[in-house]
Amino acid sequence: MRSRFVATFLSFIFPGLGQLYNDQTTKALGFAGLQAPTLLLAGLTDAPLSMIFMIGAVFGLWAAWDAYTVAARRDFYRAFE
C-alpha cells in the first residue's frame, strides 16, 4: 500500500518523485521535464531568486497535490477489494 503522505513529500521535494512512487512513470517524466526549465532558469540567468522560488514552489505544490490525490484515490479503491 502506498502512503499518500510519502507521495506528497517526495513530489514536493522534486516534482515527479511522488508520481514515480505512485507508479505513474509517464506522468513523473512529464513533471520532471516541466521542472527542468525552472532549474535551468536558476542556473543560467540572473533572474531574481524570489521569482524562481515562487515558480518552483507553485509547481511543487501542484505536483504534490496531484501525487496526494492519486495515492488517496488508490487507497479508497483498495478498501473495496
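Treat the numbers as computed from the prediction; the structure is a model and nothing was measured. (Residues numbered from 1 in each chain as written. Predicted model: local features only at pLDDT ≥ 70, side-chain atom pairs only at ≥ 80, totals over all residues. Heavy atoms only, no water.)

Quick look at the environment of G56
Line of reasoning, step 1. Of note, G56 is situated in helix α4 (residues 49-78).
Line of reasoning, step 2. A relative accessible area of 18% places G56 in the buried class.
Line of reasoning, step 3. Taking C-alpha positions, G56 is 18 Å from Y68, a pair spaced twelve residues apart along the chain.
Line of reasoning, step 4. Sequence-distant contacts of G56, that is, excluding residues within four places in its chain, are made with Q35 and T38. (Helix = DSSP H or I, 4+ residues; strand = E, 2+ residues; numbered from the N terminus. Buried < 20%, exposed > 50% of the residue type's maximum accessible area, 1.4 Å probe, protein only. Contact = heavy atoms within 4.5 Å.)

Considerations on the pattern of salt bridges
Line of reasoning, step 1. Scanning the entire structure with this criterion turns up two salt bridges.
Line of reasoning, step 2. Between D75 and R4 there is a salt bridge; the shortest N-O distance is 3.6 Å. In this pair, D75 sits in helix α4 while R4 sits in helix α1 (residues 4-13), placing the two residues 71 residues apart along the sequence.
Line of reasoning, step 3. Taking relative accessible area as the criterion, D75 reaches 14% and is therefore assigned buried.
Line of reasoning, step 4. One salt bridge connects K27 with D66, and the closest N-O pair in it is separated by 3.1 Å. (Salt bridge = Lys/Arg side-chain N within 4 Å of Asp/Glu carboxyl O.)

Some thoughts on the packing of helix α3 (residues 25-44) against α4
Line of reasoning, step 1. Running from N to C, α3 and α4 cross one another at 170°; their axes reach a closest spacing of 9 Å. With respect to each other, α3 and α4 are oriented roughly antiparallel. Across from K27, F31, L34, Q35, T38, L41 and A42 in α3, the residues of α4 making contact are M51, I52, I55, G56, F59, W62, A63, D66 and V70.
Line of reasoning, step 2. Class assignment for the residues of the contact of α3 with α4 results in eleven nonpolar, three polar and two charged. (Axes fitted to C-alpha atoms, helices over the stretch in contact; angles between N-to-C directions. Parallel < 35°, antiparallel > 145°, perpendicular 65-115°, else oblique. Nonpolar A, V, L, I, M, F, W, Y, C, P; charged D, E, K, R; others polar.)

Let's talk about the packing of aromatic side chains
Line of reasoning, step 1. Per the counting criterion, the structure on display carries six aromatic pairs.
Line of reasoning, step 2. Note on F31 and W62: the rings are 5.1 Å apart at their centroids and 65° apart in plane angle, and the pair reads as edge-to-face. You can see F31 sitting in helix α3 and its partner W62 sitting in helix α4, a full 31 residues away along the chain.
Line of reasoning, step 3. An aromatic cluster of at least three residues, connected via ring pairs, comprises F31, F59 and W62. (Phe/Tyr/Trp six-rings, centres within 6.5 Å; stacked < 30°, edge-to-face > 60°.)

Some words on the side chain of Q35
Line of reasoning, step 1. Its location among the elements puts Q35 in helix α3.
Line of reasoning, step 2. Residue Q35 is classed as buried on the basis of its relative accessible area of 7%.
Line of reasoning, step 3. The contact partners of Q35, leaving out residues within four places of it in the chain, are F14, P15, G56 and F59.

Things to note about the confidence of the model for the chain
Line of reasoning, step 1. For the chain, mean pLDDT is 85; residues scoring 70 or higher make up 98% of the total.
Line of reasoning, step 2. Mean pLDDT per element in the chain: α3 is the minimum at 83, and helix α2 (residues 17-21) is the maximum at 93. (pLDDT = per-residue confidence, 0-100.)

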